[in-house]
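Listed here are the chains, written in short residue letters.
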Amino acid sequence: MKNHFFQVQAQDRDSQARIGLITTAHSQIETPVFMPVGTRGTVKALTQEMLETLDARIILGNTYHLFLRPGHELIAELGGLHKFMAWPLSLLTDSGGFQVFSLGELRKIKEEGVEFRSHLDGSKQFISPEISMQIQHALGSDIVMAFDECTPYPATHDEARKSLELTSRWARRSRVEFDRLNHGQQNLFGIIQGSVYHDLRQQSLEQLLEIGFAGYAIGGLSVGEEKSLMYDTTEFIAPLMPTDKPRYLMGVGTPEDLVESVARGVDMFDCVMPTRNARNGQVFTARGKLNVRNARYAKEQKPLDEDCACAVCRRYSRAYIRHLYLNDEMLASILCSYHNLAFYLDLMRQIRQSIALGEFTAFRACFLSKYQSAMNSNKIIANDP
RNA sequence: GCAGGGGUGGUCGAGUGGCUAAUGGCACCGGGCUGUAAACCCGGCAGACUAACGUCUUACGUAGGUUCGAAUCCUACCCCCUGCA
């Protein structure tokens, strides 16, 4: 039977990189893709119009946050998350699994599910695989993530095994509940855990394959481990994942991470880095990252990134954006967020194009040498009094 | 003119004899941020020397004085604020 959800269009000869097309009820998404994060139904500092200008075809929302406020029932009543936030293209909702990890002290993990103490008002909340599916069903996202435990790092082999096995049991329950609710428009992804242990990653994948999902995600990385371990783990597990299903590396990452992970076979990414760092004054450029706070940009009339053709770089200077930032003007966040996402999405476009042309390996080397060598020379300048 | 209060590092403002190169806020400088508890967090912030422990110099309106020791006490002067004339 033909797979309408995902099709691989070309496979790179020299690496695991590939290009493909995801088709949801709301948009077509060329992969490899970077998905901007819009936790609370908004990609912070940007309007939906801006996202469309950037040609973002899919963004994220978060089950946990939208469940607490405004509540999935309210969103369902108003016609679902797409309509509520006036976003006509695709949405992926994370299941709340990451909050099991990031909310640390505020939560208690049990077999049945996770008890959260709301970070907003301290109230007791409970999310199980079933509830997560019900919330995501009410939200109406195009891609639904199974409820998992994002294993903390470091974890011993035994801890990681127990955690992954819980995630597998929750994955099965997610699948059952999802199927009970689904109207056919949504797609469910499973999440591989297993920390940095290859045998556990493989075990996790096999258990998920038995259940069967529309796509598979690698979770539990970029949680504090050495970068080399993240790359190793991805390099090990990605090629074992089904070739005819999207592979999603959750929560990653830096521009280098994206290029390196595409080379290892990943199709989908999401990360708060371009938007959060933008609000904190850090912008990404083809020649490395820079912080607009830095005094050395006080008089620079250059754009943030001289190689960037985005609306911000065509119009505004570093000096002006620095001035905005230093005065706590919200426009600084808007402009930096817009540019950073433009940079990320453009990077993905270049990656796809190079794969299509069979030039990915050359592109990878070229991009990294420019991005990293300039970063090093920036450091030399920065340390020079 | 009389009475009272006050002058502290870029700034606001603590500090009333040694633990003070001087709390804290702001400003400034720098770093971090990876499925968003983040328009946030951390660090530096008199000068010089040192890889570092640290050492030295100059500092609390100005000039003197008391004391082993002063931003802190005394004297004079300069300036500011408030009230009364």
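Use the structure listed above.
Scope of this entry: the structure provided in the associated data block.

So, how was this worked out
Residues numbered from 1 in each chain as written. Chains lettered and ligands numbered in written order. Predicted model: local features only at pLDDT ≥ 70, side-chain atom pairs only at ≥ 80, totals over all residues. Helix = DSSP H or I, 4+ residues; strand = E, 2+ residues; numbered from the N terminus. Rg over C-alpha atoms; globule rule 2.2 N^0.38 Å. Contact = placed C-beta atoms within 7 Å. Buried ≥ 20, exposed ≤ 12 C-beta atoms within 10 Å, placed from the backbone. Pairing = 2+ DSSP bridges. Near = placed C-beta within 6 Å. Nonpolar A, V, L, I, M, F, W, Y, C, P; charged D, E, K, R; others polar. Axes fitted to C-alpha atoms, helices over the stretch in contact; angles between N-to-C directions. Parallel < 35°, antiparallel > 145°, perpendicular 65-115°, else oblique. Left-handed = near helix turned anticlockwise from the far one by under 90°. Core = buried A, V, L, I, M, F, W, Y, C linked by C-beta atoms within 7 Å. Arc of directions from axis to C-beta.

## What to know about the overall build of chain A
Scanning chain A from terminus to terminus reveals 15 helices and 16 strands. Radius of gyration (C-alpha) of chain A: 21 Å, near the 21 Å computed for a compact globule of 385 residues. Projected onto its principal axes, the C-alpha positions of chain A cover 60 × 50 × 40 Å. When contacts within chain A are restricted to residue pairs at least 6 apart in sequence, long-range pairs at least 24 apart make up 68% of them.

## Examining unusual backbone geometry
The amide bond that connects Thr31 to the next residue, Pro32, takes the cis arrangement and shows omega of 0 degrees. Following Val252, the chain continues into Gly253 via a peptide bond in cis, with omega recorded as 5 degrees. For Gly253, the position within the fold is in the loop between β13 (247–249) and α10 (255–263). The backbone of Ala45 sits at a positive phi, close to 80 degrees, despite the residue not being glycine. Owing to 20 C-beta atoms within 10 Å, Ala45 belongs among the buried residues under this scheme. Within the chain, Ser222 stands out as a residue other than glycine whose phi angle is a positive 50 degrees.

## Side note on the pairing of strand β6 (residues 90–94)
Burial within β6 is extensive, with five of its five residues counted as buried. By the alternation rule, side chains of β6 split into Ser90, Leu92 and Asp94 and Leu91 and Thr93, which are all buried. Here five bridges tie strand β5 (residues 58–62) to β6, and the two strands are oriented parallel to one another. Residue pairing across strands places Ile59 opposite Leu91, the latter belonging to β6. Pairing of β6 with strand β10 (residues 143–145), which is carried by two bridges, proceeds in the parallel orientation. The partner of Leu92 across the bridge, within β10, is Ile143.

## Some details on the protein's contact with RNA strand B
Around RNA strand B sit 51 residues, and of these Cys150, Ser222, Gly251, Gly253 and Val272 come closest. Looking at the surface near RNA strand B, the elements with two or more residues in it are β5, α5 (97–102), β14 (268–271), α11 (273–279) and α14 (330–356). Each residue belonging to the surface near RNA strand B can be placed in one class, and the counts come to 18 nonpolar, 22 polar and 11 charged.

## What about the sheet that holds strand β7 (residues 107–109)?
Pairing between sheet strands relies on hydrogen bonds along the backbone, with the strands arranged either parallel or antiparallel. Reading across the sheet, the three strands line up as β7-β8-β9 and stay open at both edges, with antiparallel pairing between neighbours. At either end of the open sheet lies a strand with only one pairing partner, and these are β7 and β9 (124–127). Taking the axes of each pair of neighbouring strands and ignoring which way they run, one obtains an average angle of 20 degrees across the sheet. Direction of pairing for strand β8 (residues 114–117) relative to β9: antiparallel, over a ladder of four bridges. Bridge assignment links Arg117 to a residue of β9, and that residue is Lys124.

## Focus: helix α6 (residues 129–139)
Within α6, 10 of the 11 residues are buried, which leaves the element mostly enclosed by the surrounding structure. Along α6, the residues that are buried comprise Pro129, Ile131, Ser132, Met133, Gln134, Ile135, Gln136, His137, Ala138 and Leu139. Where α6 terminates, the next one or two residues include Gly140, which has phi positive at roughly 80 degrees.

## Comments concerning the packing of helix α13 (residues 318–326) against α14
A pair of packed helices is characterised by two quantities: the angle between their axes and the separation of those axes. It is the contact of α13 with α14, at a shortest axis distance of 7 Å, that shows an interaxial angle of 130 degrees. One element, α13, and the other, α14, form an angle in the oblique class. Between α13 and α14 the crossing geometry is left-handed. On α14, the residues touching Ile321, Leu324 and Tyr325 of α13 are Leu331, Ala332, Leu335 and Cys336. Among the residues forming the contact of α13 with α14, the class breakdown is seven nonpolar, no polar and no charged.

## What to know about the environment of Ala160
Examined against the element boundaries, Ala160 turns out to sit in helix α7 (residues 157–181). Since 24 C-beta atoms lie within 10 Å of it, Ala160 is described here as buried. On a C-alpha basis, the gap between Ala160 and Gln193 in space is 7.9 Å, while along the polypeptide they are 33 residues apart. Contact partners of Ala160, with chain neighbours within four places excluded, come to Thr151, Ala155, Gly194, Ser195, Tyr197 and Leu200.

## Quick look at the nonpolar core
In a soluble, globular protein the nonpolar side chains are often hidden away together inside. Formed by 100 residues in total, the largest nonpolar core has its most connected members in Met35, Ile59, Phe189, Ala217 and Phe269. Ranked by the residues each element gives to this core, the list is headed by α14, at 13 residues. Every residue in contact with Phe189, bar those within four places of it in the chain, is listed here: Ile143, Met145, Ala146, Phe213, Ala214, Gly215, Tyr216, Ala217 and Tyr248.

## What about the sheet that holds strand β1 (residues 6–11)?
If you walk across this open sheet you meet the three strands as β1-β2-β3, and the pairing is antiparallel. Each edge of the open sheet carries a strand with a single partner, namely β1 and β3 (28–31). Between one strand axis and the next, the sheet turns through 15 degrees on average, direction left out of account. In the sheet, β1 pairs with strand β2 (residues 18–23) via five bridges, with the strands oriented antiparallel.

## Observations concerning helix α9 (residues 227–237)
Turning to α9, its buried residues are Met230, Thr233, Thr234 and Ile237. End-on, the buried residues of α9 take up no more than an arc of 95 degrees, which puts them together on one face. Where α9 is buried, its residues touch β11 (187–192), α8 (198–211), β12 (215–218), β13 and α10.

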